[in-house]
Amino acid sequence: MSWPSGAVVLLTRGDFRGLPAVAREAATPAWGTVGAVIPDESAPMPGDLLLQAVAGMQRPMFVLDEEWRFRYVNPAGARVLDRTVEGLLGRDIWLEFPEAVGGPFEALYREVRATGGTGGTEAWFGPLGKWFRADAFLTGAGLVVTYDDVTEQRRIAEERAAAVDAREQAAAAAASAARDAERAGRHLMLLGDINLAMTSTIDTDEAVQRFAELVVPQLADWCIVTVLDPDGTRRDVGRAHRDPELAPAMHRYADLRIAGTAATAPVQALLRDPKPIVLPELTPEFVHAMVPLEEARTALEPLAPAAAAAFPLVARGEVIGGITLVNGRDRGAHTPVELRTAEIACRRAALALDNARLAAAQQQVAERLQLSLLSPPVQPDALELSVRYRPATQGIAIGGDWYDAFLQPDGDTVLVIGDVMGHDIDAAAAMGQVKTLVRGIGYDRRDAPAGLLRRVDHAMVGLDVPAMATALVARIELGVDDDGRPARRLRWATRRAPRSTPAARRRHGARPLGAGGAAGRHRLAGSAHRRDLPAARRQHAAAVHRRALRAAQHAAGRGA
């Protein structure tokens, strides 16, 4: 019988310890000899030479008989098992290595013996502290097992896998850090935009709407901002939704929820106790309890809220409103980063909103104060007077500008336009004093405008009024012309503000009210006397008070 070239056959009769063959049955010419199976035309290899070759193999190998005893072990195999060849031959493998019982190696050996096939496994063997790769096949000489200590290979593979995993984790961490940095950058820009948008207006409703439009969609799918008016009225002012098609449904719900929100709803709760409220999941039961009004719940259904968070707007210890952030099902609950940014944004928005309220209130007070100091013009029978007061300052609309119109006892109309130096509360207060002096002295004495200004100047110096002012006084006199027909004459005089240097003041010969000086500093001029004024004085007066003169002349013309 012939065998494939390179096959090895172990003859099983007799008491021979040798190399098992790959074949289960073989005819042999002698007991205890081993021969290489080669083509019939080749000469057989001597048995002792083949045994020496097997014994010198570097790959561990052993053979188990039907009783699971070691029938053959090569030196390499004994070394790997930390034993000697003599210490293993004839020994039961399960008694020598009881830890293998029930493990993957026993399963392999029994399966190969039962099926007559081949198999292999790789597993950790604890008693020896090694990883083994075992391959087994069945022959007539017994169960042949070749195995290798693959501990080092496993270590290298595990280190390589660990390195790859570490690189992947590092790459994932870097990508996550980049996403976090990008998100943090967007949130930081959002906070800056909120500051800019809300501090650039004193209209509180506009500021709140800007805030709502900025936080959507970065922090939520939609939001509603509630404010408390000074009288305690609650209003849902700011509203924004990321989907324009759902904005009408949001507005319907916001209009209805004011009257139909339960006391346990987030907004109502945080207005009583200013603490953030986070609802990671909005169940139908909770929505029903939060919005008892059926009409409001019907309006809420298209919005499909899945999660919500509410934050109070607190400024200087006072609750001035709250914000409700809502997410749909696709977005889910708010992330911790979104909640933290929302809380910071609400603190900044509350402060900006409160500042806007204070600025609006201050401006309103200033305007009322200013208007209280500006009396309405008189309406003589023959004249129609109208005024328009528009402060030129930015911010607080209050200062030292004033106008006045009153009748003298003889029926003449006195018009006054003046400006106390300054654009603040002090200037307004001083303006009130100067205006009162001009009005009182002008009513008490029928002096010409220049004389009136002299008396006012004297009074301001004597009473130590802490102000300097520019003023123009005009008097519309009723009389007759040379032909005996009724006519009006406009007389006017002015006191100008000082120039920038004493030399300039000396050159132009002008002093403001409150600076004192000779009466000759004032000039009286009417329609018939303007040509008597020096040219430089006349041009200067016209340049400074052109608007005032035109207004006075226009008023006189309309009365004619």
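Refer to the structure above for everything that follows.
Notes on the structure follow. Residue numbers run consecutively from 1 along every chain, following the written order of its sequence. Per-residue local features are limited, in this predicted model, to residues with pLDDT of at least 70; the limit for side-chain atom pairs, both in listing and counting, is 80 or more; totals at the level of whole chains, interfaces and linings are taken over all residues. Side-chain figures throughout are based on the complete set of non-hydrogen atoms in the structure, without hydrogens or water.

The next thing to look at is the pattern of salt bridges. Within this document, salt bridges are pairs made up of a side-chain nitrogen of Lys or Arg and a carboxyl oxygen of Asp or Glu, the two lying within 4 Å of each other. Inspection of the entire model under this criterion finds 30 salt bridges. Here Asp221 ties to Arg242 by a salt bridge, and the two come within 2.8 Å at their closest N and O atoms. Here Asp221 is found in the loop between helix 7 (204-215) and strand 8 (222-228), whereas its partner Arg242 is found in the loop between strand 9 (234-241) and helix 8 (247-260), with 21 residues between them in sequence. In this structure Arg242 comes out as partly exposed when scored by relative accessible area, which is 47%. Here Glu343 makes a salt bridge to Arg347, at a shortest N to O gap of 3.8 Å. Linking Glu343 with Arg347, this pair stays in helix 12 (residues 336-373), spanning four residues, or about one helical turn. What makes Glu343 partly exposed here is its relative accessible area of 34%. Several salt bridges converge on common partners, so that one network encompasses Arg59, Arg133, Asp135 and Asp148. Under the scheme used here, helices are H or I runs from DSSP no shorter than 4 residues and strands are E runs no shorter than 2 residues, and both carry numbers assigned from the N terminus. Exposed residues in this analysis have more than 50% of their type's maximum accessible area, buried residues have under 20%, and partly exposed residues fall in between, with area computed by a 1.4 Å probe over protein chains only.

Side-chain direction in a regular strand flips from residue to residue, so the side chains alternate between the two faces of the sheet. Taken across its 10 residues, strand 12 (residues 318-327) has eight buried, putting it largely inside the fold. Relative to strand 12, strand 8 runs antiparallel, the two being bridged by six bridges. In the strand pairing of strand 12, Ile224 is matched with Thr324. Across nine bridges, the pairing between strand 11 (residues 307-315) and strand 12 is antiparallel. Counted as the bridge partner of Pro312 is Gly322 from strand 12. When DSSP locates at least two bridges between a pair of strands, those strands are taken to pair. Hairpin geometry of strand 11 and strand 12 is characterised by an intervening segment of two residues between the two adjacent antiparallel strands and by a positive phi of about 55 degrees at Arg316.

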